[in-house]
Amino acid sequence: MSFTDTLEPLAEPMWDAIVAHPMVEELGAGSLDEEPFRYWVKQDYVYLIDYARVFAHGATKAPTLEQMGTFAELLDSTINTEMDLHREYASEFRISESELEATEPSPTTRAYTDFLVRVAATGTFGDLVAALLPCMWGFNETGTQLAAQGLPDDERYAAWVEMYAGEEFTELTSWCKDLLDDVAADKSERQRETFRSLFRTSARYEYRFWDAAWRQEEWSI
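Computed from a predicted model, the values in this text were never measured in an experiment.

Visitor: How would you sum up the overall build of the chain? Please name residues and give values.
Guide: Summing up its helical and strand segments, the chain has 10 helices and 0 strands in all. What you see in the chain, going N to C, is helices and strands ordered as α-α-α-α-α-α-α-α-α-α. For 221 residues, the compact-globule estimate of 2.2 N^0.38 gives 17 Å, and the chain sits close to it at 17 Å. Expressed as lengths along the three principal axes of its C-alpha atoms, the size of the chain is roughly 50 × 35 × 35 Å. Of all intrachain contacts in the chain linking residues separated by at least 6 positions in sequence, the fraction that spans at least 24 positions is 82%. Per element, the accessible surface of the chain, about 10,600 Å² overall, is 50% carbon and sulfur.

Visitor: I'd like to hear about the pattern of salt bridges, residue by residue, with values.
Guide: Tallied over the full model, the rule gives 15 salt bridges. The partner of R156 in a salt bridge is D154, with the nearest N and O atoms 3.0 Å apart. Salt-bridge contacts for R196 lead to E193; the nearest nitrogen and oxygen are separated by 3.1 Å. With R196 and E193 both in helix α10 (residues 189–215), this residue pair falls 3 residues apart, about one helical turn. E193 gets classed as partly exposed once you look at its relative accessible area, which sits at 38%. Linked through salt bridges whose partners overlap, the residues forming this network are E34, R94, D154 and R156.

Visitor: Tell me about helix α8 (residues 155–165), and please be specific about residues and values.
Guide: Of the residues making up α8, those classed as buried are R156, Y157, A158, W160, V161 and Y164. Buried residues in α8 make contact with α2 (22–29), α3 (34–61), α4 (65–91), α7 (125–148), α9 (167–184) and α10. At the N-terminal end of α8, a side-chain oxygen is found 2.9 Å from the backbone nitrogen of R156, two or three residues along, and the residue is D154.

Visitor: Can you break down the packing of aromatic side chains residue by residue, with the values?
Guide: Counting across every chain of the model gives 28 aromatic pairs. Relative to F195, the ring of F3 lies with its centre 6.2 Å away and its plane at 75°, an arrangement referred to as edge-to-face. Residue F3 is located in helix α1 (residues 3–20), and its partner F195 is located in helix α10; the two are separated by 192 residues in the primary sequence. Given the relative accessible area of 3%, F3 is considered buried. An angle of 70° between the planes, with centres 5.4 Å apart, marks the rings of Y89 and F93 as edge-to-face. For the pair Y89 and F93, one class covers both residues: buried.

Visitor: Please set out unusual backbone geometry residue by residue, giving values where relevant.
Guide: Its identity is not glycine, yet R94 carries a phi of approximately 60°, on the positive side. Along the chain, the position of R94 falls in the loop between α4 and α5 (97–101). The class for R94 is exposed, based on a relative accessible area of 57%. The residue Q216 is not glycine, and still its phi comes out positive at about 50°. Note on placement: Q216 falls in the segment after α10. With a relative accessible area of 34%, Q216 lands in the partly exposed category.

Visitor: Explain the packing of α7 against α10 to me, and be specific about the residues and the numbers.
Guide: Packing of α7 against α10 leaves a shortest axis separation of 8 Å and a crossing angle of 35°. Every pair of crossing elements has a handedness; the one defined by α7 and α10 is right-handed. Where α7 approaches α10, its residues G126, D127, A130, A131, L133, P134, C135, W137 and F139 are matched on the opposing element by T194, F195, L198, F199, S202, A203, E206 and W210. When grouped by side-chain class, the residues that make up the contact of α7 with α10 number 12 nonpolar, 3 polar and 2 charged.

Visitor: Give me the side chain of T142: which residues, what numbers.
Guide: As for its position among the elements, T142 is in helix α7. At 2.8 Å, the side chain of T142 and the backbone oxygen of G138 are in polar contact. Sequence-distant contacts of T142, that is, excluding residues within four places in its chain, are made with I18, V19, V24 and W160.

Each value, and the rule that gives it
- Residues numbered from 1 in each chain as written.
- Predicted model: local features only at pLDDT ≥ 70, side-chain atom pairs only at ≥ 80, totals over all residues.
- Heavy atoms only, no water.
- Helix = DSSP H or I, 4+ residues; strand = E, 2+ residues; numbered from the N terminus.
- Rg over C-alpha atoms; globule rule 2.2 N^0.38 Å.
- Contact = heavy atoms within 4.5 Å.
- Areas by Shrake-Rupley, 256 points an atom, 1.4 Å probe, with all protein chains shown as cover.
- Salt bridge = Lys/Arg side-chain N within 4 Å of Asp/Glu carboxyl O.
- Buried < 20%, exposed > 50% of the residue type's maximum accessible area, 1.4 Å probe, protein only.
- Polar contact = N/O pair within 3.5 Å; in protein donor to acceptor, adjacent residues only side chain to side chain.
- Phe/Tyr/Trp six-rings, centres within 6.5 Å; stacked < 30°, edge-to-face > 60°.
- Axes fitted to C-alpha atoms, helices over the stretch in contact; angles between N-to-C directions.
- Left-handed = near helix turned anticlockwise from the far one by under 90°.
- Nonpolar A, V, L, I, M, F, W, Y, C, P; charged D, E, K, R; others polar.

The following block contains the structure:
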């Protein structure tokens with residue numbers, strides 16, 4: 001049994017909770033009001049900036065040249081392709097580039113990205129991969145489960161589901177799972193438990209990221 005197989009009992013309740021969240025349910029049904037999703041799009045743009053920083057740390061910490069190259073490619077594609085696509089997608093919800101750039105991280109976004117960047121900067125390569133995996137795995141599982149229910153009539157929401165249920169993102173998720181399996185293969189149980197703890201924290205933040213958008217969370221003072 002691979003290490004990520006042992007994460008399944010921990011991961012599945014997390015993904016089920018996300019799919020059962022009213023924001024995700026309404027997204028899948030195509031009935032989601034635009035305002036919480038506009039909030040999500042803007043916060044996700046902020047998230048992507050620090051997500052790219054995690055890839056940069058991955059490139060510096062990767063133990064092999066091949067892994068270094070993969071993280072460098074992910075950094076490049078996030079900054080020069082994915083963020084452009086995100087701007088285009090945001091425009092469909094009447095969100096301008098200047099509005100994206102002016103977005104202040106919510107409390108949840110700040111906490112999640114600070115956690116990821118801290119782990120990437122101060123932890124081991126394995127720690128970084130364990131903290132990174134829930135973003136890919138969780139979105140892929142969410143997209144796959146929503147796609148199985150049928151695409152929503154709203155083309156913008158359907159495009160979201162298709163992206164994260166699609167072959168390219170599924171392959172990226174599988175790559176990250178395989179990478180964590182490789183990293184964990186020769187590690188002690190204590191080190192593996194650290195990976196589990198980091199994975200659990202990121203998965204919890206994945207849920208909270210959706211919940212923050214649903215509530216349109218703001219700083220209280």
